[in-house]
Amino acid sequence: MLYLAKDDPALAELVKNEENRLETTLNLIAAENHSPHSVLEVMGSVFNTKTIEGYPGNRFHAGCINADQVENLAIERGRSLFKAEHVNVQPHSGTSANLAVYFSVLKTGDRILSMSLPHGGHLSHGHSASITSKCFDFSHYKVDPETERIDYDQVRQMAHCLKPRMIVAGASSYPRLIDYEKISIIAREVSAFFLSDMAHLAGLVAANLIPSPVLYSDFVTFTCYKTMMGGRGGVILCKKRFGKKIDSAIFPGCQGTSAVNLIAAKALIFKLAMEDKFVQAQKNTLENARVMARLLMEKGYHVISGGTDNHQVLIDLTDKGISGRTAESVLESIGIILNRNVVPKDENASGKVSGIRLGSSAVSARGMGDDQMREIVELMDMALMNLTNTVIIDQTKERVLALCREFSINSKVN
Ligand code: DSN
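What you are looking at is a predicted structure, and each value in this text was computed from that prediction instead of being measured.

Reading guide: rules and limits
- Residues numbered from 1 in each chain as written.
- Predicted model: local features only at pLDDT ≥ 70, side-chain atom pairs only at ≥ 80, totals over all residues.
- Heavy atoms only, no water.
- Pairing = 2+ DSSP bridges.
- Helix = DSSP H or I, 4+ residues; strand = E, 2+ residues; numbered from the N terminus.
- Axes fitted to C-alpha atoms, helices over the stretch in contact; angles between N-to-C directions.
- Contact = heavy atoms within 4.5 Å.
- 1 Å grid on protein atoms, 1.4 Å probe; cavity = no way out; pocket = protein on both sides within 12 Å on 5 of 7 lines; lining within 4 Å.
- Points joined across faces, edges and corners; volume = space filled by probe spheres on them.
- Nonpolar A, V, L, I, M, F, W, Y, C, P; charged D, E, K, R; others polar.
- Salt bridge = Lys/Arg side-chain N within 4 Å of Asp/Glu carboxyl O.
- Buried < 20%, exposed > 50% of the residue type's maximum accessible area, 1.4 Å probe, protein only.
- Near = heavy atom within 4 Å.
- Polar contact = N/O pair within 3.5 Å; in protein donor to acceptor, adjacent residues only side chain to side chain.
- Areas by Shrake-Rupley, 256 points an atom, 1.4 Å probe, with all protein chains shown as cover.

Spatial strand order, β4-β10-β9-β8-β7-β5-β6: seven strands in an open sheet with mixed pairing. The sheet is open, and its two edges are formed by β4 (86-88) and β6 (137-141), each paired on a single side. When the angles between neighbouring strand axes are averaged without regard to direction, this sheet yields 20°. Examined bridge by bridge, strand β5 (residues 111-115) and strand β7 (residues 166-170) share two bridges and lie parallel to one another. Bridge assignment links Leu113 to a residue of β7, and that residue is Ile167. Its contacts with the sheet place helix α8 (residues 180-189) against β6, β7 and β8 (193-197), and it is angled at close to 155° to β8. Of the strands in this sheet, β4, β9 (219-223) and β10 (234-238) are in contact with helix α10 (residues 243-254), which crosses β4 at around 5°.

Below, the structure is given as structure tokens:
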């Protein structure tokens, strides 16, 4: 950061402060991870300079000799890692990727069936606040109120009744595996396209630890900075027959120039994902989430769906009498960083957020394991059960700091 310190000391200070914040807090945000240093290097490289439009071999600006190779590398590695027929690495984000998929084969106003946000879905799956809902006619399926898992009978029933042009599987807060094959069969029954959004799960899928949606889906979207452990930005995988439509829906359809430095980071993380250290980090991520879910349940917390099959643990705090916002803020005050989250029960209470979402990726990237998960759950519980006890809050803060000092954020992947 030598040049930055000279050009803008205030900003350089903020970068240092952020590094310090990450080192001295425990990151349980399910949508974050600690990336390898090489990812940060390539994102800050001279590829930032290059403006590209179009695709390798068919660009609208000269000077793409290296950028073309970077993009081809990302495409080839993505294809091989996820066993995909066609890969587009240009989306700026998961939402851009989803928008491009919708616009690739649908007409404005077409009907889409996806998961409800309080039940686990994502804003870009047609939430009323998202542009996606202004462009398409969304209906939402839910989880079963007892099991808190996707109600596939309801998905089938709604699909047959509504005849959507597309069905979306995938979620931003759903801790269970999704039966992609089952939803693909339902999509076929009603002649709907099938999109799987695996933004949260891509790293676990890449490591072959949970089922992949690729075989069963017409389209798969994901982002690279959650379990995938890479840089910013999204990716679309699709069947070969949709390749041209997807490429033109991204450029020039939904985006202009794409960020070559981020495409390079995608190429890099796809390479690292084929190595043992990445797979080990993903195994630890799964194990650590399971341990946290079990310990939280032992302490009497309502863990949505009674556990987890991925990196997320979702807690409904209703019966503890604590709002998601209060929990988020008291935990932040002791150095445990996570986010408040809507849970299924919040569905009909506008503005109510009764849950918190935990993710195990970043603490696993630091090399933490069972013992540390036990300590984290202990500290969370102490803080949540003693919201106004400053002595206990101060003690938990010290213990969080001690844990952080033992495990640097220098990712164990390189
Ligand atoms: N989709 C948002 C989340 O899950 O938190 C951001 O990636």
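The next subject is empty space enclosed by the protein. Rolled over the atoms, a probe sized like a water molecule indicates the empty space that remains. Scanning all chains against the criterion turns up three cavities of 30 Å³ or more. There is about 80 Å³ of room inside the largest cavity. Along the wall of the largest cavity there are 14 residues; nearest its centre are Ala171, Tyr174, Ile178, His200 and Leu201. Residues of the lining of the largest cavity, tallied by class, amount to six nonpolar, six polar and two charged.

Here we come to the pattern of salt bridges. Side chains that carry opposite charge are capable of pairing whenever their charged atoms lie near each other. Throughout the structure, instances matching the rule amount to 18 salt bridges. Here Lys6 makes a salt bridge to Asp7, at a shortest N to O gap of 4.0 Å. Among the residues examined, Lys6 registers a relative accessible area of 68% and is labelled exposed. According to the relative accessible area criterion, Asp7 is exposed, its value standing at 61%.

This part takes up the site of the ligand. All residues in the neighbourhood of the ligand are listed as Ala31, His122, Ser172, His200, Tyr225, Lys226 and Arg357. In this structure, a nitrogen atom belonging to the ligand sits 3.0 Å away from a side-chain N or O atom of His122. Contact with the protein chains hides 69% of the accessible area of the ligand, taken as 230 Å² for the molecule alone. In terms of residue class, the shell around the ligand is built from two nonpolar, three polar and two charged.

A few words now on unusual backbone geometry. Working note: non-glycine residues mostly have negative phi, and peptide bonds are mostly trans. Put simply, Phe251 and Pro252 share a cis peptide bond, and its omega is 10°. The residue Pro252 is located in helix α10 in this model. A positive phi angle is found at Ser191, which is not glycine, with a value near 55°. Among the secondary structure elements, Ser191 is positioned in the loop between α8 and β8. Given a relative accessible area of 57%, Ser191 falls into the exposed group. Unusually for a residue other than glycine, Asn208 sits at a positive phi of about 65°. Its place among the elements puts Asn208 in the loop between α9 (202-206) and β9.

Position of Gly120 relative to the elements: it lies in the loop between β5 and α6 (131-135). Residue class for Gly120 comes out buried when judged on its relative accessible area of 0%. Counting along the chain gives 107 residues from Gly120 to Thr227, while the straight-line C-alpha distance between them is 17 Å. Beyond its immediate sequence surroundings of up to four residues, Gly120 is in contact with Met115, Ala171, Ser172 and Ser173.

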